[in-house]
Each structure stands twice: as structure tokens, then as C-alpha cells.
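If you want the building blocks of each chain, they are given just below.
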Amino acid sequence: MDKLIQGGTLVLPAGPTPGDLLLRGEIIAQIGRDLPYDPQTTEIFPADGCYVFPGFIDTHTHFQLDNGVVVSPDDFASGSAAALLGGTTTILDFATQNRGETLAQGLDNWHAMADGKTHCDYGFHLAVTWWNPSIAREITSVAAAGVTSFKVYMAYDNLRLRDQEIFALLEKVGEVGGILGCHCENGDLINCLIQRLRLANRLGVDAHPLSRPPEVEAEAIYRYLTIAKMAGAPVNIVHLSTAAGLAVVEAARAQGQEVYVETCPQYLLLEQSRYSQPDFRGAVYVMSPPLRRAADQEALWRGLALGQVDTVGTDHCSFNLAGQKDLGREDFTKIPNGIPGAQHRPLLLYTYGVAAGRVGIGDMARLLAENPAKLFGLYPRKGALAPGGDGDAVIWDPRQTGVISAANQRHNVDNTPYEGMAVTGGPRQVFLRGQLVVADGRLVAERQGRYLARAASLRFRRGI
Ligand code: URP
Ligand code: ZN
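The rules behind these values
Residues numbered from 1 in each chain as written. Chains lettered and ligands numbered in written order. Predicted model: local features only at pLDDT ≥ 70, side-chain atom pairs only at ≥ 80, totals over all residues. Heavy atoms only, no water. Helix = DSSP H or I, 4+ residues; strand = E, 2+ residues; numbered from the N terminus. Contact = heavy atoms within 4.5 Å. Polar contact = N/O pair within 3.5 Å; in protein donor to acceptor, adjacent residues only side chain to side chain. Donors = N, O, S within 2.8 Å, 3.2 Å for Na, K, Ca; no water. Tetrahedral: all angles 85-135°; square planar, octahedral: opposite > 155°, others 65-115°. Buried < 20%, exposed > 50% of the residue type's maximum accessible area, 1.4 Å probe, protein only. Near = heavy atom within 4 Å. Areas by Shrake-Rupley, 256 points an atom, 1.4 Å probe, with all protein chains shown as cover. Nonpolar A, V, L, I, M, F, W, Y, C, P; charged D, E, K, R; others polar. Domains from an automatic or database assignment. Buried area = accessible area lost by both parts, 1.4 Å probe. Salt bridge = Lys/Arg side-chain N within 4 Å of Asp/Glu carboxyl O. Axes fitted to C-alpha atoms, helices over the stretch in contact; angles between N-to-C directions. Parallel < 35°, antiparallel > 145°, perpendicular 65-115°, else oblique. Left-handed = near helix turned anticlockwise from the far one by under 90°. Core = buried A, V, L, I, M, F, W, Y, C linked by side-chain atoms within 4.5 Å. Phe/Tyr/Trp six-rings, centres within 6.5 Å; stacked < 30°, edge-to-face > 60°. Lys NZ or Arg CZ within 6 Å of the ring centre and 35° of its normal.

Chemist: Would you mind going over the environment of Glu262 with me for this structure?
Modeler: Residue position: Glu262 is located in strand β12 (residues 259–263). A C-alpha to C-alpha distance of 15 Å links Glu262 and Leu291, two positions 29 residues apart in sequence. Each residue touching Glu262, except ones within four places of it in the same chain, is listed here: Thr59, His60, Asn236, Ile237, Val238, His239, Leu240, Val309, Thr311 and Gly313. Engagement of the side chain of Glu262 in a polar contact is seen with the side chain of His60, the distance being 2.9 Å. Within polar-contact distance, the side chain of Glu262 engages the backbone nitrogen of His239 at 2.7 Å.

Below you can see the structure in the form of C-alpha cells.
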């Protein structure tokens, strides 16, 4: 059967437009006003009073992440189910090379966790944690096989590369038309600050942000952009959290450098005082980079509205409070870093962005779908409502209301940093490649996710 989404407001690249969307097989067949249809072969989905968005893309998940001590409880099944229920039809997870492994081995490990289990479409960025000439050669082969985005860490002693290695990696990724994202925090400074906090016996949760102040991010961004400029490669800054970091990016852009920026809902909505919550509750918010101050949040919201920030991913990396985060009761450095978010990202951006008047409805589609698809080699197959593209669509009902809670989330974890936050709007139906996969808050088709080999990064003019 064809599926006709009828009478909604289509959130098109050109702007919100009243109309119908016809899905045939796996693709979008037609878009227009009052589209004709055959009632014998067409199922109708009324969308009056609703927006119709392209399926959202989460640029940043860590499902089933093994941090060397514990494994995050959201695997590709629960994490992708949660994502779909929130309207996200594609996730890009970070396959991570173990030191001593080839890139191909890293990818194989991630396929073993994801294939056959994932409910939404998925692809992998590849985090490079070990560098030598044979790894450099492998960049060419993995890019040809459809992995065109990479990541490097400047923090975490077991993951980070040295500056000279980042330089070589950037040159290589630039050569294959890919994009290198970076976790920008100065790992040496963090180690030094942790050592000082330890000597001062400051090991409670509220010391976490003191070990990673804004300067640690801003310095790393400056250094990363300097290296990227020398390498002549475009770059992506993942999970940007500070006004200072954004100012460094803007200064580089003003000099003509091509820099893309991702932020996350937690840095837009949650403030640093959360770490002082009683009864170890602050551990819920332990992530890196840490939560910041109100002025940083304002700078990031402004950055979204002005097109300075290109994508909003989640950095979903959930850990239970009981049995995992509480390993750090006596020492915050032992609290596994990360929070859940895959299910709630569109809800949060709609409620606190669109409905609050901070960003427009078109901005939401650009930040959650179009820009990610362009940057990560999925456009125009995904990322926009356009004939010939994948039939990924979300009927978004602005009249829905709810309250986020660990008790009602699909994430397989015992906490959420957004506990108690009121939300408006939500997905009434979600379609993945033409198939109805979510209806009225329930997953109605399971394990339909397909692995996505991707093209080279399509560069775009920011803020357009
Ligand atoms: O705290 C976080 N963000 N954990 C996930 C790994 C990372 O830093 O990207
Ligand atoms: Zn990171």
C-alpha cells in the first residue's frame, strides 16, 4: 500500500509549506497540495494541525559503550527503539578502534553489536585511537567502503592521539573527502587539575566541573583548529559546551576556515549547579565536557539561531546510577561519564527551542536532519522531505504534552538528566523508509534498521 500523509505542514528545506506527502515502497514518491490517490491502494494518515518533518538524525550516540570498567546498558536494540520513539530514524554511532587493532577490526566489532538488532537506520563514525602508517592507508579503504566521518580525542589517556598524529590524520581524512570530528578537551590539563583536587581531598561530584573548566575546551578547540588549518582540512567540533569555545570557532571562521559545530541538549538546557544536588544525585549529570553556566547556554542558543551551530546530537551514553555511576561515590573520577538522550532530543529542541521562540521550525529540521545528512554523506537520500529520498518522516503533533521521567522513558537506564521537565509536542507517527514504525507512542515494526554506507561529506554553507 502507498501511504499518504495528508493535510499537514511539511517542513521543507524552503520552509514550512501546507501539503501532502506520498510514500511509495521505501521512498518519497510525491509532495504537493491535495495529491490525488487511489483509495484501494493508499492508506491515509491525516496530519491536520501537525508538522511533517524529515526523519531526524542523531549525529552522536555511544550504544553499548565499554569504558573499560562497565558497559553502558543501552545497546543497539534499546537505544535505537528509544531513538525511533522520539522521531529519530537514523543514528550515527562511534565505532571505536581498540589500541593495537586495525580500523577494520573496530568496524567489525561495531557491526557485531548493531547488525540485526537495530530498529532505526544506522551508520558509524570511526574513532581513531592508535596511529601508524598502516592505519593511515586504511583510512582510504574504509572511506571507500562508506565510512567517511572520523573522530579523534584530545582527552582520555586511553583514547587520545598526540598533536602530530592528529595532524597526519587530518591530512588523510581531508584527502579522502571525509570529516574529522574532535572531542576537544586538553587531556594534560584535566589530569593536572584532577591531581590537585585529589590532593585537596575534593573528590565529591561537585568537583567534576572544576576538573574540566571552559578553558580546557577552548584551548583544545584553538589547538585543533590550528592543526586543521595547517592540514587544510574541514573539521567538526563535537559536543561543544562553552561560549569561549564558540568564540574560538567564530574567529577561525572569520579567517576563512571551514569548521562545523555540534552541540547537545544538555549544554543548552542544564546548568552546572546540578552537580551540587544532594544524595549523589549530581552523578546523573557527570559527562564530559561537563555542564556549564547560564551564559554558555545563552551563547549556544544564540549560536543555533544564527547558524553558528550546525547540528544537535545527543552524545547518548547512558549509565545506571545503581551499580555503575555509584562506583564513584567516594571519587568522582570513577563515575562513568555520560547521559541518556536519544529519545528526548527532538522533544527538547521543540519545547525549549521552537515553542519557546528561540529557534524556528525550519531551524529544527535543519539542525536535526538536513545538516547532519549533508555533513555525513547521507544527503539527499536522507535529511529532507524530497521526492526520490528515503521515506523517513515524522508526523509531529504540537498539541501533545508530557513530562520526561526515567519511569516512562524507553532508554534502558535508571535515570535521565531531564527528569521532571515538561515537554510539548511529540511524534504521533514515524515512518522509516516508507514503513510505519511508530504509532501513538509504540514501536509497531521491529529491527527494520539498515546499515548505511555513506558518501563523502557534502560541505554546506552554514547558516543558510
Ligand atoms: O561523557 C561523555 N560524553 N561520554 C561519552 C564519551 C565521549 O566523551 O564522547
Ligand atoms: Zn566526547
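Chemist: Please explain the coordination of the zinc ion (ligand 2) as it appears in this structure.
Modeler: Ideal values for angles at a metal depend on the geometry: 109.5 degrees with four tetrahedral donors, 90 or 180 degrees with six octahedral donors. Of the protein atoms, only His183 (ND1) and His239 (NE2) coordinate the zinc ion (ligand 2), at distances of 2.1 to 2.2 Å. Around the zinc ion (ligand 2), the four donor atoms are arranged such that angles at the metal cover 53 to 135°; this shape is classified as irregular. With His183 in strand β10 (residues 179–183) and His239 in the loop between β11 (235–237) and α7 (243–254), this residue pair connects regions lying 56 residues apart in the sequence. For the pair His183 and His239, one class covers both residues: buried.

Chemist: Sorry, what's going on with the site of ligand 1 here?
Modeler: Taken together, His60, His62, Lys151, Tyr156, His183, His239, Met287, Ser288, Asp315, Cys317, Asn337 and Gly338 form the complete shell of residues around ligand 1. At 3.2 Å from an oxygen atom of ligand 1 is found a side-chain nitrogen or oxygen belonging to His62. Separating a nitrogen atom of ligand 1 from a backbone N or O atom of Asn337 is a distance of 3.2 Å. Surface burial for ligand 1 is 96%, taken as the share of its 270 Å² of free accessible area covered by protein chains. A per-class count over the shell around ligand 1 returns three nonpolar, seven polar and two charged.

Chemist: Could you clarify how one ought to interpret the domain arrangement of the protein chain in this entry?
Modeler: Where the parts come together, the accessible area they lose is often given as the size of the interface. On domain assignment, one finds that the protein chain holds domain 1 (2–53 + 386–443) and domain 2 (55–383). Taking the mean C-alpha position of each, domain 1 and domain 2 sit 27 Å from one another. Listed by partner, the interface residues are 40 residues for domain 1 and 52 residues for domain 2. Its largest share of buried area at the contact with domain 2, domain 1 owes to His411, Pro417 and Tyr418, together 18% of the area lost on that side. Asp121 is the partner of Arg433 in a salt bridge, and the nearest nitrogen-oxygen pair spans 2.7 Å.

Chemist: How should I be thinking about the packing of helix α10 (residues 345–354) against helix α11 (residues 361–375) in this particular structure?
Modeler: Relative placement of two packed helices is described by the angle separating their axes and the distance separating the axes. Relative orientation of the contacting elements α10 and α11 amounts to 150°, with a least axis distance of 10 Å. Put simply, α10 runs roughly antiparallel to α11. In this structure, the crossing between α10 and α11 has a hand that is right-handed. Across the interface between the two elements, Arg345, Pro346, Leu349, Tyr350 and Val354 from α10 touch Ile361, Met364, Leu367 and Leu368 from α11. Class assignment for the residues of the contact of α10 with α11 results in eight nonpolar, no polar and one charged.

Chemist: Before we go on, may I ask you to explain the pattern of salt bridges in this structure?
Modeler: Close approach of charged atoms lets side chains of opposite charge pair. Applying the stated criterion across every chain, the model contains 27 salt bridges. Here Asp2 makes a salt bridge to Arg24, at a shortest N to O gap of 2.7 Å. With a gap of 22 residues between them, Asp2 in strand β1 (residues 2–12) and Arg24 in strand β2 (residues 15–24) connect regions that are remote in the sequence. The buried category is assigned to Asp2, whose relative accessible area is 12%. Members of the salt-bridge network, linked through shared partners, are Glu26, Asp121, Arg381, Lys382, Asp390, Asp392, Arg433 and Arg450.

Chemist: Honestly, α10 in this entry has me stumped. Any pointers?
Modeler: Because each turn of an α-helix spans 3.6 residues, side chains separated by three or four positions in sequence point in the same direction. Most of α10 sits inside the fold, with nine of its ten residues counted as buried. The complete set of buried residues in α10 reads Arg345, Pro346, Leu347, Leu348, Leu349, Tyr350, Thr351, Gly353 and Val354.

Chemist: Looking at this structure, I do not really get unusual backbone geometry. What am I missing?
Modeler: Of all residues except glycine, most have a negative phi; of all peptide bonds, most are trans. In this chain, Ser288 is followed by Pro289 through a cis amide linkage whose omega measures 0°. Here Pro289 shows up in the loop between α8 (265–269) and α9 (294–306). Of note, the bond from Tyr379 into Pro380 is cis; its omega dihedral lies within 30 degrees of zero at 5°. Tracing the chain through its elements places Pro380 in the loop between α11 and β14 (393–396). Phi is positive for Asp279, close to 55°, though the residue is something other than glycine. Here Asp279 shows up in the loop between α8 and α9. The phi dihedral of Phe280 is positive, around 65°, even though this residue is not glycine.

Chemist: Would you explain the environment of Asn98 in this entry?
Modeler: Mapped onto the elements, Asn98 comes out in the loop between β7 (88–96) and α2 (103–114). Take Asn98: its relative accessible area is 43%, and that puts it in the partly exposed class. For Asn98 and Ala127, which are 29 residues apart along the polypeptide, the C-alpha to C-alpha distance reads 9.2 Å. The contacts of Asn98, once residues within four sequence positions are left out, are Asn109 and Thr129.

Chemist: So what exactly am I meant to see when it comes to the nonpolar core here?
Modeler: In terms of nonpolar packing, the biggest core is built from 110 residues, with Leu170, Tyr224, Leu225 and Ile237 touching the most fellow members. In terms of residue count, the dominant contributor to this core is helix α6 (residues 214–231) (nine residues). Two domains each put at least three residues into this core: domain 1 (2–53 + 386–443) and domain 2 (55–383). In this structure, Tyr224 is in contact with Val152, Met154, Ile166, Leu170, Leu180, Gly181, Cys182, Cys184, Val235, Asn236 and Ile237, ignoring residues within four places of it in sequence. Listed in part, the 14 residues of the second largest apolar core include Leu10, Leu12, Leu23 and Val52.

Chemist: Is there a simple way to think about the packing of aromatic side chains in this case?
Modeler: Any two aromatic rings considered together are summarised by their centre-to-centre distance and by the angle between their planes. Counted under the stated rule, the structure contains twelve aromatic pairs. Above the face of the Phe94 ring, Lys151 is positioned so that its terminal group lies 4.3 Å from the ring centre. One residue, Lys374, lies across the ring of Tyr379, its end atom 4.9 Å from the ring centre.

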